[in-house]
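# Per-entry structural report
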Amino acid sequence: MERFGVPPKAYLHAIRLNGARRELWHADPQKDKIADVVNHWGFWHMGKFARDYRRHFDELPSHTLKKSMC
């Protein structure tokens, strides 16, 4: 069933990526760790997450976290 034009697994993956990005954006780079945020959203393989994140948002998770300081 592809109600939104993508398979359900891809849709849920995008929801989780966006949730992780939102949380990284609002995180405190001095105390919050990327791994903790990412694990909270159900990603366990950091390399695969970083690759997917970069493909989806055209930046690394660490760059998003650094932007939250601005």
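Anything mentioned here points back to the structure above.
What comes next is a walk through the structure. (Residues numbered from 1 in each chain as written. Predicted model: local features only at pLDDT ≥ 70, side-chain atom pairs only at ≥ 80, totals over all residues. Heavy atoms only, no water.)

## A look at a nonpolar patch on the surface
- A surface patch of nonpolar side chains, about 470 Å² in accessible area, is lined by Phe4, Val6, Tyr11, Leu12 and Ile15.
- Mapped onto the elements of the fold, Val6 is located in the segment before helix H1 (8-26).
- The class of Val6 is partly exposed, set by a relative accessible area of 33%. (Patch = residues over 30% accessible without salt bridge, like charges linked within 9 Å, V, L, I, M, F, W, Y side chains within 5 Å. Areas by Shrake-Rupley, 256 points an atom, 1.4 Å probe, with all protein chains shown as cover. Salt bridge = Lys/Arg side-chain N within 4 Å of Asp/Glu carboxyl O. Helix = DSSP H or I, 4+ residues; strand = E, 2+ residues; numbered from the N terminus. Buried < 20%, exposed > 50% of the residue type's maximum accessible area, 1.4 Å probe, protein only.)

## Topic: the nonpolar core
- Leu17, Ala20, Leu24, Ala27, Val37, Val38, Phe43, Phe49, Tyr53, Phe57 and Leu65 form the largest nonpolar core, which has 11 residues in total.
- The contacts of Val38, once residues within four sequence positions are left out, are Phe43, Met46 and Phe49. (Core = buried A, V, L, I, M, F, W, Y, C linked by side-chain atoms within 4.5 Å. Contact = heavy atoms within 4.5 Å.)

## Focus: the packing of H1 against helix H3 (residues 46-57)
- Their axes nearest at 11 Å, the elements H1 and H3 cross at an angle of 90°. The angle between H1 and H3 falls in the class roughly perpendicular. From H1, His13, Ala14, Leu17, Asn18, Ala20, Arg21 and Leu24 reach across to H3, where they touch Phe49, Asp52, Tyr53, His56 and Phe57. (Axes fitted to C-alpha atoms, helices over the stretch in contact; angles between N-to-C directions. Parallel < 35°, antiparallel > 145°, perpendicular 65-115°, else oblique.)

## Overview of the packing of aromatic side chains
- Overall, the coordinates contain three aromatic pairs when judged by the stated rule.
- Centre to centre, the rings of Phe49 and Tyr53 are 5.4 Å apart; their planes meet at 45°, and the pair counts as tilted. A residue pair is termed a helical-turn pair when its members lie 3 or 4 positions apart in one helix, as Phe49 and Tyr53 do in helix H3 at four residues. No difference in accessibility class separates Phe49 from Tyr53, as the two residues are buried.
- Within the aromatic cluster, the residues linked to one another by ring pairs are Phe43, Phe49, Tyr53 and Phe57.
- Above the plane of the ring of Phe43 lies Arg16, whose end atom (NZ or CZ) is 4.0 Å from the centre. (Phe/Tyr/Trp six-rings, centres within 6.5 Å; stacked < 30°, edge-to-face > 60°. Lys NZ or Arg CZ within 6 Å of the ring centre and 35° of its normal.)

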